[in-house]
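# Close look at the chain arrangement
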Amino acid sequence: SHKGRAERKNMSEVILDTLLDVAKLLPFLFLTYAAMEYLEHRAGGRTEALVKRAGRLGPVIGAGLGAVPQCGFSAAASNLYAGHVITRGTLIAIYLSTSDEMLPVLISEKAPVGLILQILLGKALIGMGAGLAIDLFGRRKKERKGQSLQERDLPGQEHIHEFCEQGHCRCETGIWSAALVHTARIAFFILLITFGLNLILFWAGEEALESMILNNPAAGPILAGIVGLLPNCAGSVVITQLYLKGVIGIGAAMAGLLTGSGIGLLVLFRVNHNRRENLKLLGLLYSIGVLAGIVVGLFV
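Residues numbered from 1 in each chain as written. Predicted model: local features only at pLDDT ≥ 70, side-chain atom pairs only at ≥ 80, totals over all residues. Heavy atoms only, no water.

Looking now at the overall build of the chain. Looking only at helices and strands, one finds 15 helices and 0 strands in the chain. Counting the 300 residues in the chain, one finds 48% classified as buried. Partitioning the intrachain contacts of the chain with sequence separation of at least 6 by distance along the chain shows that 81% fall at a separation of at least 24. Summed over its atoms, the accessible surface of the chain is roughly 14,700 Å², and 65% of this surface lies on carbon and sulfur atoms. (Helix = DSSP H or I, 4+ residues; strand = E, 2+ residues; numbered from the N terminus. Buried < 20%, exposed > 50% of the residue type's maximum accessible area, 1.4 Å probe, protein only. Contact = heavy atoms within 4.5 Å. Areas by Shrake-Rupley, 256 points an atom, 1.4 Å probe, with all protein chains shown as cover.)

Following this line, the structure appears as structure tokens:
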């Protein structure tokens with residue numbers, strides 16, 4: 001029928017628009033990942049060594065370094081925590097500030113520089129504040145009485161690269177091949193998200209996006225925080241894309257980006273055998289991320 005042909009034509013336009021949107025991002029994604037891989041190869045293990053020596057300033061140093069995209073940094077932090085090298089506050093600060101795949105997506109989508117800096121700085125400051133508060137509370141409770149932050153044998157240290165490979169980090173490969181793999185994987189996620197959003201707009205109109213529960217000032221951060229906990233790059237890609245498309249507000253976006261710690265939590269549950277403590281850390285990360293997201297959504 002004429003109506004059926006029109007719908008097929010419109011659907012073909014939806015598919016074409018989706019492919020064009022993603023194709024425009026590919027050069028920027030690739031160049032961004034190439035630059036990140038270059039910095040990663042240059043930095044080596046110096047960031048980990050700096051965190052080890054930070055002492056009481058651990059949350060400050062950790063949050064600052066966590067904001068810089070680095071392969072496996074949150075995973076390394078989990079190992080350092082399991083080996084009693086860094087404090088609970090430093091670990092949470094690194095988790096909260098970890099940018100994961102957020103930065104490449106923002107850059108490839110040509111987000112304003114001011115917005116990118118605000119998000120990175122916001123995550124770092126929240127991580128610093130939360131980490132310092134956690135350590136201060138811990139010292140007053142004397143949870144680590146008689147223990148020092150000296151390096152010990154780190155249980156599970158050999159698992160960093162194993163989990164990094166599971167997260168498709170490709171830390172040990174060449175710069176260009178690693179950048180190409182990253183670009184292909186993230187482009188695939190963006191393709192799925194963009195196509196899904198375009199379908200919703202096609203069938204239900206923009207009103208459907210505006211009425212989604214993720215736009216709710218309280219429910220949005222709660223749900224986005226759960227998405228952020230996904231132990232791979234999908235969580236941060238989804239949150240960033242939904243925010244850039246206007247589906248969720250800044251509060252929900254911050255909640256999801258704060259709880260997103262890459263594969264850090266996955267490594268923590270593997271190398272730290274105290275499951276009760278791991279669950280506490282997960283709950284702490286989620287609670288801080290959601291609360292901060294709600295506050296940001298109300299006042300920003």
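Tallying each qualifying case throughout the model produces 2 aromatic pairs. Seen from their ring centres, phenylalanine 30 and tryptophan 176 are 5.9 Å apart, and the 25 degrees between their planes marks the pair as stacked. Residue phenylalanine 30 is located in helix H1 (residues 2-43), and its partner tryptophan 176 is located in helix H9 (residues 175-204); the two are separated by 146 residues in the primary sequence. Judged by its relative accessible area of 23%, phenylalanine 30 is partly exposed. Tryptophan 176 gets classed as exposed once you look at its relative accessible area, which sits at 58%. (Phe/Tyr/Trp six-rings, centres within 6.5 Å; stacked < 30°, edge-to-face > 60°.)

To continue, consider the environment of tyrosine 286. With respect to the helices and strands, the residue tyrosine 286 is situated in helix H15 (residues 275-299). In this structure the C-alpha to C-alpha distance between tyrosine 286 and alanine 255, which are 31 residues apart in sequence, comes to 8.3 Å. In contact with tyrosine 286, other than residues within four places in its own chain, are Ile222, Gly225, Ile226, Leu229 and Thr259. Separated by 2.7 Å, the side chain of tyrosine 286 and the backbone oxygen of isoleucine 222 make a polar contact. (Polar contact = N/O pair within 3.5 Å; in protein donor to acceptor, adjacent residues only side chain to side chain.)

A few words now on the side chain of threonine 90. Within the secondary structure, threonine 90 sits in helix H5 (residues 88-97). Exposure remark for threonine 90: the relative accessible area of 2% places this residue in the buried category.

What follows covers the nonpolar core. A general tendency of soluble globular proteins is for nonpolar side chains to be buried together. Formed by 58 residues in total, the largest nonpolar core has its most connected members in Ile86, Leu91, Ile92 and Ile190. With 7 residues, the top contributor of residues to this core is H15. Once residues within four sequence positions are removed from consideration, isoleucine 190 is found in contact with Val22, Leu25, Leu29, Val105, Val237 and Gln241. The next biggest cluster of nonpolar side chains, apart from the first, holds 5 residues, and it includes Ala75, Ala82, Ile263 and Val271. (Core = buried A, V, L, I, M, F, W, Y, C linked by side-chain atoms within 4.5 Å.)

Following both chains from N to C, one finds H5 and H15 inclined at 50 degrees, their axes separated by 11 Å at the closest point. By the angle class used here, H5 and H15 are oblique. With respect to the hand of their crossing, H5 and H15 are arranged in right-handed fashion. Packed against H5, whose contacting residues are Arg88, Leu91, Ile92, Tyr95 and Leu96, the element H15 presents Glu277, Leu281, Leu284, Leu285, Ile288 and Gly289 at the interface. In terms of residue class, the contact of H5 with H15 is built from 8 nonpolar, 1 polar and 2 charged. (Axes fitted to C-alpha atoms, helices over the stretch in contact; angles between N-to-C directions. Parallel < 35°, antiparallel > 145°, perpendicular 65-115°, else oblique. Left-handed = near helix turned anticlockwise from the far one by under 90°. Nonpolar A, V, L, I, M, F, W, Y, C, P; charged D, E, K, R; others polar.)

A contiguous nonpolar surface patch, about 590 Å² in accessible area, is contributed by Leu291, Val295, Leu298, Phe299 and Val300. Locating valine 295 in the fold gives a position in helix H15. (Patch = residues over 30% accessible without salt bridge, like charges linked within 9 Å, V, L, I, M, F, W, Y side chains within 5 Å. Salt bridge = Lys/Arg side-chain N within 4 Å of Asp/Glu carboxyl O.)

Turning to unusual backbone geometry, a few remarks are in order. A positive phi angle is found at histidine 84, which is not glycine, with a value near 60 degrees. By the element assignment, histidine 84 lies in the loop between helix H4 (73-82) and H5. Unlike most non-glycine residues, lysine 110 shows phi in positive territory, near 60 degrees.

The next point concerns the confidence of the model for the chain. The share of residues in the chain with pLDDT of 70 or more is 77%, and the mean pLDDT across the chain is 78. Low pLDDT, under 50, characterises residues 148-170; the stretch is placed with 54 contacts to residues that sit more than four places away or in other chains. (pLDDT = per-residue confidence, 0-100.)

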